[in-house]
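Observations on the model geometry
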Protein chains: 2
Amino acid sequence: MHVPRADLQRQIEAILVAWGMAVEHAAITAERLTDADVRGIDSHGVALLPLYAEIRAEGRINFRPDIRVVRESAVTALLDADHGLGHVPATMAMERAIANSKARSSGLAAVAVRNSNHYGAAGVYGLLAARAGFIGVSMTSVWVPAIVPTFGAEPMFGTNPIGFVAPAANNPPFYLDMATSTVAVGKLKLAQLHGKPLPPAWAMDRDGRATVDPDAALADVRLTPLGGARETSGHKGYGLAAMVEILCTMLSGSVYAPTRERRHPGLAHWNIGHFMLALDPQAFRDAGEFEADLDDMIDALRAGRPAASGQPVLVHGDPECDAMRERSEHGIPVPDALLVAVRQIAADCGAPWLLS
Amino acid sequence: MHVPRADLQRQIEAILVAWGMAVEHAAITAERLTDADVRGIDSHGVALLPLYAEIRAEGRINFRPDIRVVRESAVTALLDADHGLGHVPATMAMERAIANSKARSSGLAAVAVRNSNHYGAAGVYGLLAARAGFIGVSMTSVWVPAIVPTFGAEPMFGTNPIGFVAPAANNPPFYLDMATSTVAVGKLKLAQLHGKPLPPAWAMDRDGRATVDPDAALADVRLTPLGGARETSGHKGYGLAAMVEILCTMLSGSVYAPTRERRHPGLAHWNIGHFMLALDPQAFRDAGEFEADLDDMIDALRAGRPAASGQPVLVHGDPECDAMRERSEHGIPVPDALLVAVRQIAADCGAPWLLS
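The structure contained in this document is the topic of the report that follows. Keep in mind it's a predicted model, so treat the numbers as computed, not measured. (Residues numbered from 1 in each chain as written. Chains lettered and ligands numbered in written order. Predicted model: local features only at pLDDT ≥ 70, side-chain atom pairs only at ≥ 80, totals over all residues.)

Quick notes on the interface of chain B and chain A
At the interface, 71 residues of chain B touch 71 residues of chain A. Contributions of two or more residues to the side of chain B that touches chain A are made by β3 (76-80), β4 (108-116), β6 (162-166), β7 (174-178), α9 (234-250) and α11 (289-302) of chain B. For the side of chain B that touches chain A, the element with the most residues is α9 of chain B, which contributes nine residues. Residues of the side of chain B that touches chain A, tallied by class, amount to 40 nonpolar, 21 polar and 10 charged. (Contact = placed C-beta atoms within 7 Å. Helix = DSSP H or I, 4+ residues; strand = E, 2+ residues; numbered from the N terminus. Nonpolar A, V, L, I, M, F, W, Y, C, P; charged D, E, K, R; others polar.)

This is the structure we're talking about:
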């Protein structure tokens, strides 16, 4: 089934409101989720609703959070998300970073968020910055340890993604949105949903051995860091995952999942953290110069000789733009299994069903 | 031969001064290079002298640069390196970022450098920040396209490294220093120096096919991005390389190597750029909280169950500390071939030979 973005957004909103979320928070959350759907990031849009329903049932989300600025300087801020879903505090964090009072006047700002939850796709927050003319960086920690460090047998970091978005002049923004694992858990779930085996080198079993079975990989999540084994530099992906953890968890004062039980026994909420950075190119270049130079890079990449004819060089942001063009016209494809799951979620909470 | 750090530093200084560099610039440059040697980063210390001799002979380095601040705000600055080697302007950039007037008072600062050259190891600049209590980020672009983008046949980015260093309380700093390629060119050169074949998935030939021959790989540098092929998420390493290029080249107004000949025909200097960011944990946490939480993470990693007994979990910063302990006591091992090359360089420029 193909669903127009506006309809999907309204359906998500209706469910969030039925879950107890304030209307204005539900609107922002549904917008961030469908920002991902419309760009083809299928694992991080409406497909997240079953996960959210699950952690809601576990009592891990506060649907009426009092999101507060707990610390602030001219170019920094720390927000407390009060255990709500992460999309609203992360949006507020990036909007605060690019505000007239921060990066717009100083050229640079960083805002961290603590006591938060899943925030969807990392890149969509960078996009908020790029739309306003800034370079935007967005990162989050995750409450499920998944990435196994080099030489280790136990997962010690979530998939800890990095979003980096930069505005060009004639091209769409450069748009990088990546988990620091070889792949995100969402990709494993999609493979499971489609009944497909995993490619090798994506995941490990309980003993740190490679597995291609998505059920085995998801039963006890153990992902390789980007780079895979030591010889192919998996220590780098692991290092990036740790970097994201440091900027999201340690800098904000959130909870590091592997020591959670020892340090905070019985804690109900996940308390993960986010980190947002905005950088104004005009603090370094005259107006338009940065964007023109970025166009030059993107144009050179696009004009690059491909390894195989008919498969052009990948440019970060192009697949998302292609998806957006296609999906704006034909709607967002929602697999049957997901549609059934979302319909059940709506029924369970008494939300109206709008996707007939 | 094992050489005490101080002796190696003096030898490098003597060569740089003989090349025409001011004594105070030579001291800083030799210190940054031996910062790498003493930490076991063999590819980015004294082993760089033959490269520097080569680009000096090509007339690409100004050994009497007038390094200037060309743009500045309360939390940003842009330095022009005037085509000198990168170690001094990069040191000045990070020192400016952590100065009382910038990150120390505002919590955050970013300094970009343009018209620069090779700056050695990325991590050592992050270390300047961490020593002063800040989180330090250091990146540089490179004038040799090496990383082949996903689906491409031509290299479009240098090895574009990321240095990220964060201060702990009881542990040495978290120290990540990584090329965004699977491996750095220096690793290929070390393999060549030792006459060893390359592991597969590190490098490609002219047609984008994998090669294990270091001579073939270095004759026409084509490295895989971190992650390798598309299926193992090489598009992420490529995206990180592009991110570093954007922050170092486009943001500073330096030269993007693949379009250099078209846009700047006949240019003698390389004009690469660096990017430094410093972040004060105390802008977000009370004094000591960040460092204690980072200790908690590092301790958990170190205590993690290893995949194989006798091979503990890798912690970023530990190998560097182990090397520093060992090398402070026994000196820095310099392979014979390198010693011969450095001796020749000293003889060629009339520098005294101090490593008898």
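The structure having been displayed, the exposition proceeds.
Brief notes about the pairing of strand β5 (residues 135-140) of chain B
Regular strands place their side chains on alternate faces of the sheet. All names here are of chain B. Of all six residues in β5, six are buried, a share of seventy percent or more. Here β5 runs beside strand β10 (residues 272-279); their pairing, made up of six bridges, is antiparallel. Paired with V137 across the bridge in β10 is L277. Two strands pair when backbone bridges link them, and β5 and β6 are joined in this way by four bridges, in the antiparallel orientation. Residue pairing for β6: S138 is matched across the bridge by G163. (Buried ≥ 20, exposed ≤ 12 C-beta atoms within 10 Å, placed from the backbone. Pairing = 2+ DSSP bridges.)

Some points on the pairing of strand β2 (residues 68-72) of chain A
All names here are of chain A. For β2 and strand β3 (residues 76-80), the ladder comprises four bridges, and the chain directions are antiparallel. Bridging across to β3, E72 finds its partner in A77. Linking two consecutive strands that pair antiparallel, namely β2 and β3, is a turn of three residues.

A look at the relation of the copies chain B and chain A
Two copies of one chain are present, and they are related through a rotation about an axis combined with an axial shift. The two copies are related by a screw operation: chain B maps onto chain A through 180° of rotation and 0.0 Å of translation along the axis, at an RMSD of 0.0 Å. Here the transformation between the copies is reduced to the relation of a two-fold axis. In terms of C-alpha distance to the rotation axis, chain B has G227 of chain B as its closest residue, with the C-alpha 2.1 Å off the axis. A symmetric contact is evident, with 100% of the interface residues of chain B recurring at the interface of chain A. (Least-squares fit on C-alpha atoms with pLDDT ≥ 70 in both.)

What to know about the environment of H269 of chain B
Residue and element names in this part refer to chain B. With respect to the helices and strands, the residue H269 is situated in the loop between α10 (260-263) and β10. A tally of 21 C-beta atoms within 10 Å means that H269 is categorised as buried. Excluding residues that lie within four positions of it along the chain, H269 makes contacts with R60, H83 and N115.

Overview of the packing of helix α1 (residues 5-18) of chain A against helix α2 (residues 23-38) of chain A
Residues and elements named next belong to chain A. At a closest axis distance of 8 Å, the pairing of α1 and α2 adopts a crossing angle of 140°. As far as their axial angle goes, α2 and α1 are oblique. Both α1 and α2 take part in a crossing whose hand is right-handed. Where α1 approaches α2, its residues R5, L8, Q9, I12, E13, L16 and V17 are matched on the opposing element by V23, A26, A27, T29, A30, E31, L33, T34, D37 and V38. Looking at the contact of α1 with α2 residue by residue, the class counts come to 10 nonpolar, three polar and four charged. (Axes fitted to C-alpha atoms, helices over the stretch in contact; angles between N-to-C directions. Parallel < 35°, antiparallel > 145°, perpendicular 65-115°, else oblique. Left-handed = near helix turned anticlockwise from the far one by under 90°.)

Overview of the sheet that holds strand β4 (residues 108-116) of chain A
All names here are of chain A. What the seven strands build is an open sheet, ordered β2-β3-β4-β10-β5-β6-β7; its pairing is mixed. The open sheet terminates on both sides in strands that have one partner only, identified here as β2 and β7 (174-178). Going from strand to strand, the sheet's axes swing by 15° on average, the running direction of each strand aside. Note that strand β6 (residues 162-166) and β7 share five bridges and pair antiparallel.

Observations concerning the nonpolar core
Core analysis: the largest hydrophobic core is formed by 228 residues, its most contacted members being A97, M276 and A278 of chain A together with A97, M276 and A278 of chain B. Residues contacting A97 of chain A, with those up to four places away along its chain left out, are K102, A103, A109, A110, V111, M276, L277 and A278 of chain A. (Core = buried A, V, L, I, M, F, W, Y, C linked by C-beta atoms within 7 Å.)

Observations concerning helix α13 (residues 336-349) of chain A
All names here are of chain A. Between its first and last C-alpha, α13 extends 20 Å over 14 residues, near the 20 Å set by a 1.5 Å rise per residue. Among the structural elements, α1 and α3 (49-57) are those in contact with the buried residues of α13. A positive backbone phi angle near 75° is found at G350, which sits one or two residues after α13. (Expected span 1.5 Å × (residues − 1).)

Thoughts on the packing of helix α11 (residues 289-302) of chain A against α9 of chain B
Relative placement of two packed helices is described by the angle separating their axes and the distance separating the axes. Between α11 of chain A and α9 of chain B, whose axes approach to 10 Å, the crossing angle comes to 135°. With respect to their mutual orientation, α11 of chain A and α9 of chain B come out oblique. Remark: the crossing between α11 of chain A and α9 of chain B carries right-handed chirality. Facing α11 of chain A, whose interface residues are F290, D293, L294 and M297 of chain A, α9 of chain B presents E245, I246 and M250 of chain B. When its residues are assigned to classes, the contact of α11 of chain A with α9 of chain B shows five nonpolar, no polar and two charged.

Some details on the sheet that holds β4 of chain B
All names here are of chain B. Ordered by their spatial adjacency, seven strands build an open sheet running β2-β3-β4-β10-β5-β6-β7, and the pairing between neighbours is mixed. With partners counted over all chains shown, the strands left at the sheet margins are β2 (68-72) and β7, one partner each. Averaged over all pairs of adjacent strands, the angle between strand axes in this sheet comes to 15°, irrespective of strand direction. Examined bridge by bridge, β3 and β4 share five bridges and lie parallel to one another. Bridge pairing in β4 places A77 opposite V111. Across the sheet, α9 is in contact with β5, β6 and β10; its angle to β10 comes to roughly 100°.

All we've got here are geometric facts, nothing functional implied.
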